[in-house]
Amino acid sequence: MIRHFAYFVCLTIFLAQQTVAPERKVERSAVLSARDPNVRVRFPQSAQYVGADRWNLYDIADCELHAFVDSDAQKNVQHLYWVQFEGYLPSKPDLAHQYDSPRHTSIGGLDFYVDTWVRSKDEQTQPGSDRQHIEKLIRCKGFDMPAGMMYLRLVHLLDKRKRKELMIIYGEDLSPAGFRAADLSKGGKAFGQWPAIESGLLHRAEKKIAIQQNPGTP
């Protein structure tokens, strides 16, 4: 009963904080976007849909995210699939996204910047950030994040103005690899193994994420 009450309170607060309703649609393990960009982003059938959030990120950007997870029977997250559609508000005409990663990959004919990192569960989360929003969403649905995760971020900029982006973040529980986040961070005891580990992370992500451009009406 207490768990159900906590869920109700959490959901009420979550809905009250949404600026506008999410406009993208979800079909099983896929997100369908009619604009900015017009794509279908599909994940493995095992991925469970957690939900969506949409708000003005720091009052400078319209941000809409959707979350899927793979979890065990106790609702411990093993894989995270995070899709985000973001564009600067018309009131901020001089802002543009800045990405400088030299690494790129192509999925579904779209070019993506590639970044990777590790993170422990107890690291501080910036108030109002998209991470805070997705962690709250996951927690409100009764899922628990692992002690440490490794992440891959894919960012596609829609045009030369660089004001709109499609971002996909794929995360994996670190425990099956036998490491903590601190081990694989710079200065950690296993930092030298990170290049091989992140290469495998990218390979698995490219197999799990499928993108279809201009899919039309399903």
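Thresholds applied
Residues numbered from 1 in each chain as written. Predicted model: local features only at pLDDT ≥ 70, side-chain atom pairs only at ≥ 80, totals over all residues. Heavy atoms only, no water. Buried < 20%, exposed > 50% of the residue type's maximum accessible area, 1.4 Å probe, protein only. Helix = DSSP H or I, 4+ residues; strand = E, 2+ residues; numbered from the N terminus. Pairing = 2+ DSSP bridges. Polar contact = N/O pair within 3.5 Å; in protein donor to acceptor, adjacent residues only side chain to side chain. Axes fitted to C-alpha atoms, helices over the stretch in contact; angles between N-to-C directions. Contact = heavy atoms within 4.5 Å. Core = buried A, V, L, I, M, F, W, Y, C linked by side-chain atoms within 4.5 Å. 1 Å grid on protein atoms, 1.4 Å probe; cavity = no way out; pocket = protein on both sides within 12 Å on 5 of 7 lines; lining within 4 Å. Points joined across faces, edges and corners; volume = space filled by probe spheres on them. Nonpolar A, V, L, I, M, F, W, Y, C, P; charged D, E, K, R; others polar. Phe/Tyr/Trp six-rings, centres within 6.5 Å; stacked < 30°, edge-to-face > 60°. Lys NZ or Arg CZ within 6 Å of the ring centre and 35° of its normal.

Visitor: I tried to follow the pairing of strand E9 (residues 148–157) on my own but got confused; where do I start?
Guide: Here is the key point about a regular strand: its side chains alternate between the two faces of the sheet. Extensive coverage of E9 is indicated by the burial of nine of its 10 residues. Where E9 and strand E10 (residues 164–173) come together, nine bridges link them in antiparallel fashion. Following the sheet pairing, Leu157 is matched in E10 by Glu165.

Visitor: In this structure, what is going on with the environment of Trp55? I would like to understand it.
Guide: Within the fold, Trp55 resides in strand E4 (residues 48–57). In this structure the C-alpha to C-alpha distance between Trp55 and Asp130, which are 75 residues apart in sequence, comes to 9.4 Å. In this structure the side chain of Trp55 is engaged in a polar contact, spanning 3.3 Å, whose partner is the side chain of His133.

Visitor: Help me understand the sheet that holds E4, please; the structure alone is not making it clear to me.
Guide: The strands making up a sheet associate through hydrogen bonds between their backbones, and the pairing can be parallel or antiparallel. Strand order in the open sheet formed by seven strands is E4-E5-E6-E10-E9-E8-E7, and the pairing between neighbours is antiparallel. The outermost strands of the open sheet, each flanked by one partner alone, are E4 and strand E7 (104–107). Adjacent strand axes in the sheet meet at a mean angle of 25°, parallel and antiparallel pairs treated alike. Summarising the sheet, strand E6 (residues 77–88) and E10 pair through nine bridges and their orientation is antiparallel.

Visitor: Could you clarify how one ought to interpret the environment of Asp70 in this entry?
Guide: As for its placement among the helices and strands, Asp70 is situated in strand E5 (residues 61–71). Of the residues examined, Asp70 reaches a relative accessible area of 8% and is grouped as buried. Put simply, Asp70 and Gln213 are 143 residues apart on the chain and 25 Å apart in space, counted from C-alpha to C-alpha. Ignoring sequence-local partners within four residues, the contact set of Asp70 consists of Ser46, Ala47, Gln48, Asn76, Val77, Gln78, His79 and Tyr81.

Visitor: Looking at this structure, I do not really get the nonpolar core. What am I missing?
Guide: Within soluble globular proteins, side chains that are nonpolar tend to cluster in buried spots. Grouped together as the largest cluster of nonpolar side chains are 31 residues, with contacts concentrated most on Phe43, Ile168 and Ile211. Apart from the residues lying within four places of it in its own chain, the contact partners of Ile168 are Val41, Phe43, Trp82, Phe112, Leu152, Arg153, Leu154, Ile209 and Ile211. With 25 residues, the next largest nonpolar core counts Leu57, Trp82, Leu137 and Tyr151 among its residues.

Visitor: Before we go on, may I ask you to explain the sheet that holds strand E11 (residues 210–213) in this structure?
Guide: Within the open sheet, the four strands sit side by side as E1-E2-E3-E11. Their pairing is antiparallel. The sheet is open, and its two borders are formed by strand E1 (25–27) and E11, each paired with just one other strand. Ignoring strand direction, the axes of neighbouring strands in this sheet form an average angle of 20°. The pairing of E1 with strand E2 (residues 30–33) spans three bridges and is antiparallel. Pairing of Val26 across the sheet is with Val31, part of E2.

Visitor: Hey, could you run me through the side chain of Ser29 in this one?
Guide: One can find Ser29 in the loop between E1 and E2. Of the residues examined, Ser29 reaches a relative accessible area of 7% and is grouped as buried. Within the local environment of Ser29, its side chain forms a polar contact with the backbone oxygen of Pro44, the two atoms lying 3.4 Å apart. If near-sequence neighbours (up to four positions away) are discounted, Ser29 is found in contact with Val41, Arg42, Phe43, Pro44, Gln45, Ala47 and Phe68.

Visitor: In this structure, what is going on with the layout of surface pockets? I would like to understand it.
Guide: One simple way to see leftover space: roll a probe sized like a water molecule over the atoms. Looking at the largest pocket, its volume works out to about 370 Å³. Leu57, Ser129, Asp130, Arg153 and Met167 are the residues nearest the centre of the largest pocket, which is lined by 22 residues in total. Those elements that provide at least two residues to the lining of the largest pocket are E6, strand E8 (110–120), helix H2 (130–140) and E10. Per-element tally for the lining of the largest pocket: the top contributor is E6, with four residues. Counted by class, the lining of the largest pocket contains nine nonpolar, seven polar and six charged residues.

Visitor: Would you mind going over the packing of aromatic side chains with me for this structure?
Guide: The relation between two aromatic rings is expressed through the spacing of the ring centres and the mutual angle of the planes. Taken as a whole, this structure holds six aromatic pairs when the rule is applied. With centroids separated by 5.0 Å and ring planes inclined at 35°, the aromatic side chains of Phe43 and Tyr81 adopt a geometry described as tilted. Taken together, the residues span a long stretch of sequence, with Phe43 in the loop between strand E3 (39–42) and E4 and Tyr81 in strand E6 at a distance of 38 residues. Side by side, Phe43 and Tyr81 carry an identical accessibility label, which is buried. Every member of this aromatic cluster is reached through a ring pair, and the members are Phe43, Tyr49, Phe68, Tyr81 and Tyr170. The ring of Phe85 carries Arg24 above its face, with NZ or CZ at 4.2 Å from the centroid. Sitting over the face of the ring of Phe143, Lys75 holds its NZ or CZ atom 4.4 Å from the ring centroid.

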